[in-house]
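Chain by chain, the residues:
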Amino acid sequence: MTAESSPTWVAVTAEPLSLDPLIAWATRSGCGAVVTFSGTVRDHSADHDEVSALEYETSEPHALARLGEIAEAVRRRWPDVAAVALHHRVGRVELGEPTVLVVVASPHRAEAFEAGRFCIDTLKRTVPMWKREHFPGGSAWSSATEPIVPVEST
Amino acid sequence: MARLLLLGPAREAAGVREDDVAGDSVEAVLAAARARYGEHFAAVLAVSQVWVNGEPAGPASPVAPYDEVAVLPPVSGG
């Protein structure tokens with residue numbers, strides 16, 4: 001568990017994700033806004049009409065380093081942001097379950113929304129993470145891919 | 001020997017996640033990897049990024065013994 005005073009909490013975990021502890025952690029006395037984003041497993045994809053689960057693979061140390069870099073980039077761009085939590089699931093995630101959580105707290109809502117959007121958009125392009133789609137009769141790597149780029153290029 | 005780290009589709013194409021490969025540059029390590037794992041891996045490698053010890057690297061980047069050479073196909077997180 002990360003201390004309440006820390007501005008950053010990043011995690012890569014095979015355990016189910018829950019927003020509640022992240023919101024509790026991010027809520028600070030000087031912050032009037034806590035914005036959350038939850039990415040969830042959808043029942044279809046570009047390639048498959050029926051998707052039952054996603055399965056994520058990563059290199060945990062490299063993924064954690066990149067998540068930390070995203071949080072640092074948030075602090076440079078939105079210095080008022082007081083807390084950034086970025087948690088990503090690995091392994092098999094069932095339909096409807098969260099795959100990724102972004103929580104941003106700041107004194108006012110505008111920078112919390114902007115920073116939250118920046119976090120999820122940047123995460124998708126900079127974090128070493130690969131997903132397989134499970135569907136009736138098999139599984140395959142997602143075709144919704146992008147070449148990995150450095151955080152500072154985003 | 002460099003430590004090769006193959007991730008996602010690169011891991012699947014090669015059939016291994018980690019391996020030891022000789023070579024003193026990224027180019028040399030990857031040539032050895034292509035020879036070892038075959039055409040399917042080479043096709044994945046062709047569209048992948050390569051990191052040495054967590055930093056983006058090019059074909060001419062030097063590789064020392066125990067360096068980690070990671071192959072990162074296009075990503076699909078989130």
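The model shown is predicted, which means the values in this text are computed figures rather than measured ones. (Residues numbered from 1 in each chain as written. Chains lettered and ligands numbered in written order. Predicted model: local features only at pLDDT ≥ 70, side-chain atom pairs only at ≥ 80, totals over all residues. Heavy atoms only, no water.)

Trainee: Could you clarify how one ought to interpret the pattern of salt bridges in this entry?
Mentor: Side chains bearing opposite charge may pair, as long as their charged atoms lie close to each other. Inspection of the entire model under this criterion finds eight salt bridges over all chains. Note that A:Glu94 and A:Arg92 form a salt bridge whose closest N and O atoms lie 2.6 Å from each other. You can call A:Arg92 partly exposed: its relative accessible area is 40%. Between B:Glu12 and A:Arg132 there is a salt bridge, and its shortest N-O distance comes to 2.8 Å. Separated into two different chains, B:Glu12 in helix 1 (residues 9–14) and A:Arg132 in strand 7 (residues 129–135) make up a pair that spans both. (Salt bridge = Lys/Arg side-chain N within 4 Å of Asp/Glu carboxyl O. Buried < 20%, exposed > 50% of the residue type's maximum accessible area, 1.4 Å probe, protein only. Helix = DSSP H or I, 4+ residues; strand = E, 2+ residues; numbered from the N terminus.)

Trainee: Would you take a moment to explain the sheet that holds strand 5 (residues 91–94) of chain A for this structure?
Mentor: Working definition: the strands of a sheet are paired by backbone hydrogen bonds and lie parallel or antiparallel to each other. All names here are of chain A. Pairing is antiparallel in the open sheet, where four strands are placed in the order 5-3-7-8. With one partner strand each, in any of the chains shown, strand 5 and strand 8 (138–141) form the two edges of the open sheet. Within this sheet the neighbouring strands show an average axis-to-axis angle of 25°, counted without direction. (Pairing = 2+ DSSP bridges. Axes fitted to C-alpha atoms, helices over the stretch in contact; angles between N-to-C directions.)

Trainee: Hey, could you run me through the interface of chain A and chain B in this one?
Mentor: Accessible area lost upon the coming together of the parts serves often as the stated size of an interface. Counting residues at the interface gives 25 residues for chain A and 19 residues for chain B. Summing the contributions of chain A and of chain B, the shared interface buries around 1,900 Å²; its carbon and sulfur component is 58%. Taken as a group, A:His62, A:Trp130 and A:Ile148 account for 34% of the area that chain A buries against chain B, more than any other trio of residues on that side. Applying the counting rule to chain A against chain B returns two salt bridges. Remark: the boundary between chain A and chain B carries 15 residue pairs in polar contact (both at pLDDT 80 or more). Counting only elements with at least two residues in the side of chain A that touches chain B, the list comes to strand 3 (53–58), helix 2 (60–77), strand 6 (98–106), helix 3 (109–126) and strand 7 of chain A. (Contact = heavy atoms within 4.5 Å. Buried area = accessible area lost by both parts, 1.4 Å probe. Polar contact = N/O pair within 3.5 Å; in protein donor to acceptor, adjacent residues only side chain to side chain.)

Trainee: In this structure, what is going on with the packing of helix 2 (residues 26–37) of chain B against helix 3 (residues 39–46) of chain B? I would like to understand it.
Mentor: To characterise two packed helices, one gives the angle between the axes of the helices and the distance between these axes. Residues and elements named next belong to chain B. At a minimum axis separation of 7 Å, helix 2 and helix 3 run at an interaxial angle of 145°. The segment helix 2 lies against helix 3, with Leu30, Ala33, Arg34 and Tyr37 engaging Glu39, Phe41, Ala42 and Leu45. Across the contact of helix 2 with helix 3, the residue classes break down as six nonpolar, no polar and two charged. (Nonpolar A, V, L, I, M, F, W, Y, C, P; charged D, E, K, R; others polar.)

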